[in-house]
Amino acid sequence: QVQVVESGGGLVQAGGTLRLSCAASGRIVRVNSMGWYRQIPGKQRELVATISSAGSANYADSLKGRFTISRDNAKNTVYLQMNSLTPEDTAVYYCNADVLSLLELQTYWGQGTQVTVSS
């Protein structure tokens, strides 16, 4: 079994920063791409950023320059540094990981962490 767990969400004022973390654990041979997505109530889940195992990052165009994705392969952990937050960034943030286990390659999702930005 593989688990993906996010942490670091919370309430922050506009203009503030937050750092989200997401760790994959369990029967893991290798973690390939990891990523962050977010979902506002009533809207579809949208891409925030992804990062390959080699460290190549991809961002939603609207978030470039404010958000930074990084990872620690030794810990199977991905981070999302969020700066200059606005109320429009309020959402549930989800992490996913493409995990190769002993039996298969599968994408796992975390349960989500709430980020609320007050004006």
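Quick caveat, the model's predicted, so the values are computed rather than measured.

Inspection of the secondary structure assignment puts Thr77 in strand S8 (residues 77–82). Looking at Thr77, its side chain comes within polar contact range of the main-chain oxygen of Lys75, at 2.9 Å. Setting aside chain neighbours within four positions, we find Thr77 in contact with Cys22, Ala23, Met34, Ser70, Arg71 and Asp72.

With that settled, consider a nonpolar patch on the surface. On the surface, Val29, Leu102 and Leu103 cluster together into a nonpolar patch covering about 390 Å² of accessible area. By secondary structure assignment, the location of Val29 is in the loop between strand S3 (18–26) and strand S4 (30–39).

This part takes up the pairing of S3. Regular strands have side chains that alternate between both faces of the sheet. Pairing of strand S1 (residues 2–7) with S3 involves six bridges; the strand directions are antiparallel. Residue Glu6 lies in a different strand from S3, and its bridge partner there is Cys22. Of the strand pairs in this sheet, S3 and S8 are connected by six bridges, and their pairing is antiparallel. From the neighbouring strand, Ser21 faces S8, where its bridge partner is Tyr79.

What characterises a pair of aromatic rings is the spacing of the ring centres plus the angle enclosed by the ring planes. Going through the model one piece at a time under the given rule, you end up with one aromatic pair. The residue whose ring lies beneath Arg19 is Tyr79, and the NZ or CZ to ring-centre distance is 4.1 Å. Its guanidinium or amino end placed over the ring of Tyr94, Arg45 lies 3.7 Å from that ring's centre, counting from NZ or CZ.

This brings us to the state of the cysteines. Going through the model one piece at a time under the given rule, you end up with one disulfide. Paired by a disulfide, Cys22 and Cys95 hold their sulfur atoms 2.0 Å apart. The S-S bond linking Cys22 to Cys95 shows a torsion near -75 degrees; that makes this disulfide left-handed. In this pair, Cys22 is assigned in strand S3 and Cys95 in strand S9 (residues 91–100), connecting sequence segments 73 residues apart. A single burial state applies to Cys22 and to Cys95, both of which are buried.

A separate point is the side chain of Thr50. Residue placement: Thr50 occurs in strand S5 (residues 46–51). Beyond its immediate chain neighbours, meaning those up to four positions away, Thr50 contacts Ser33, Met34, Gly35, Tyr37, Ser56, Ala57, Asn58 and Ile69.

Here we come to the pattern of salt bridges. For the coordinates displayed, the defined rule picks out four salt bridges. Ionic pairing is found between Arg38 and Asp89, a salt bridge with its closest N-O pair at 2.9 Å. Here the residue Arg38 occupies a position in strand S4, and Asp89 occupies one in the loop between S8 and S9, the gap between them amounting to 51 residues. Judged by relative accessible area, which is 1%, Asp89 ranks as buried. Of the charged contacts in the structure, one is a salt bridge between Asp89 and Arg66, with a shortest N-O distance of 2.8 Å. Pair noted here: Asp89 is in the loop between S8 and S9 and Arg66 is in the loop between strand S6 (57–59) and strand S7 (67–72), with a separation of 23 residues, a long-range link. Like Asp89, the residue Arg66 is buried in the burial classification.

About the cut-offs
Residues numbered from 1 in each chain as written. Predicted model: local features only at pLDDT ≥ 70, side-chain atom pairs only at ≥ 80, totals over all residues. Heavy atoms only, no water. Helix = DSSP H or I, 4+ residues; strand = E, 2+ residues; numbered from the N terminus. Polar contact = N/O pair within 3.5 Å; in protein donor to acceptor, adjacent residues only side chain to side chain. Contact = heavy atoms within 4.5 Å. Patch = residues over 30% accessible without salt bridge, like charges linked within 9 Å, V, L, I, M, F, W, Y side chains within 5 Å. Areas by Shrake-Rupley, 256 points an atom, 1.4 Å probe, with all protein chains shown as cover. Salt bridge = Lys/Arg side-chain N within 4 Å of Asp/Glu carboxyl O. Pairing = 2+ DSSP bridges. Phe/Tyr/Trp six-rings, centres within 6.5 Å; stacked < 30°, edge-to-face > 60°. Lys NZ or Arg CZ within 6 Å of the ring centre and 35° of its normal. Disulfide = S-S within 2.5 Å. Buried < 20%, exposed > 50% of the residue type's maximum accessible area, 1.4 Å probe, protein only.

The quantities given are spatial measurements derived from coordinates; they are silent on function.
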